[in-house]
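Below are the chains, spelled out letter by letter.
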Amino acid sequence: MTTAICVTAVLGVGGALTSIGPWYQSLRTPRWQPPGWAFGPAWTTIGTLTGIAAVWSWRRAETRPQRRRLMTLFALNGSLNILWSALFFKFRRPDLALVETVPLWLSILALMLGLPRGRNSTLLSALTTWLLLPYLVWVTIASQLNRAVVRLNPPFSGQSISGASASGTALRGPVS
């Protein structure tokens, strides 16, 4: 139950920070950007799989230090996940969000490698690690999308993009 609340909180706060309003819509994006409708199901699936991995790992943790490490890894990852949304959408700094994707990606890898391994549950340990693979793949894709947004748009300085570049041309829609 606690895991479900934590996963819902991380996804909820991240979602609340994600505003697909005029600023975001004015950004140039690559043609390969996933459709908008894909993000909700992707994050719901990732949250569900991450929650299952957390519960299975918690049950396999045999000591208090293992449980503390597990909670620290998941808390760090959730915080970095929320921070990315804040940097990109709330503060409108895709450039800083791009830098933040490195520790976010590494935090997922740390979870995959650092989850407790029960003595007699090697199959379950492997499954728990594999449950986090879609998260790692999605963040990899999102990082490349973030990189493309930074490359395709004018420098970000924390100020709103008005929908036009310095030359006055519109910055709308996907580009190749």
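For the structure itself, consult the block above.
Described in the following lines is the structure provided in the data block. (Residues numbered from 1 in each chain as written. Predicted model: local features only at pLDDT ≥ 70, side-chain atom pairs only at ≥ 80, totals over all residues. Heavy atoms only, no water.)

**Describing a nonpolar patch on the surface**
On the surface, W32, V137 and I141 cluster together to form a nonpolar patch covering roughly 270 Å² of accessible area. Within the element layout of this structure, V137 appears in helix 7 (residues 133-152). (Patch = residues over 30% accessible without salt bridge, like charges linked within 9 Å, V, L, I, M, F, W, Y side chains within 5 Å. Areas by Shrake-Rupley, 256 points an atom, 1.4 Å probe, with all protein chains shown as cover. Salt bridge = Lys/Arg side-chain N within 4 Å of Asp/Glu carboxyl O. Helix = DSSP H or I, 4+ residues; strand = E, 2+ residues; numbered from the N terminus.)

**Looking at the side chain of N153**
Within the element layout of this structure, N153 appears in the loop between helix 7 and strand 2 (174-175). In this structure N153 comes out as buried when scored by relative accessible area, which is 7%. Here the side chain of N153 touches R28 through a polar contact of 2.9 Å, landing on its backbone nitrogen. In this structure the side chain of N153 is engaged in a polar contact, spanning 2.7 Å, whose partner is the backbone oxygen of V149. (Buried < 20%, exposed > 50% of the residue type's maximum accessible area, 1.4 Å probe, protein only. Polar contact = N/O pair within 3.5 Å; in protein donor to acceptor, adjacent residues only side chain to side chain.)

**As for the packing of helix 4 (residues 64-90) against helix 5 (residues 94-114)**
Between helix 4 and helix 5, the least distance of the axes is 9 Å, while the angle of their chain directions is 160 degrees. When the axes of helix 4 and helix 5 are compared, the pair comes out roughly antiparallel. The handedness of the crossing between helix 4 and helix 5 is left-handed. Taken together, the residues of helix 5 that come into contact with helix 4 (itself represented by R69, L73, F74, N77, L80, N81, L83, W84, L87 and F88) are P94, L96, A97, E100, T101, P103, L104, S107, I108, A110, L111 and G114. For the contact of helix 4 with helix 5, the residue count by class is 15 nonpolar, five polar and two charged. (Axes fitted to C-alpha atoms, helices over the stretch in contact; angles between N-to-C directions. Parallel < 35°, antiparallel > 145°, perpendicular 65-115°, else oblique. Left-handed = near helix turned anticlockwise from the far one by under 90°. Contact = heavy atoms within 4.5 Å. Nonpolar A, V, L, I, M, F, W, Y, C, P; charged D, E, K, R; others polar.)

**With respect to the nonpolar core**
W23, L27 and F88 are the most contacted members of the largest nonpolar core, which totals 30 residues. Listing elements by their share of this core, those giving two or more residues are helix 2 (22-26), helix 3 (39-60), helix 4, helix 5 and helix 7. It is helix 4 that provides the largest number of residues to this core, a total of eight residues. (Core = buried A, V, L, I, M, F, W, Y, C linked by side-chain atoms within 4.5 Å.)

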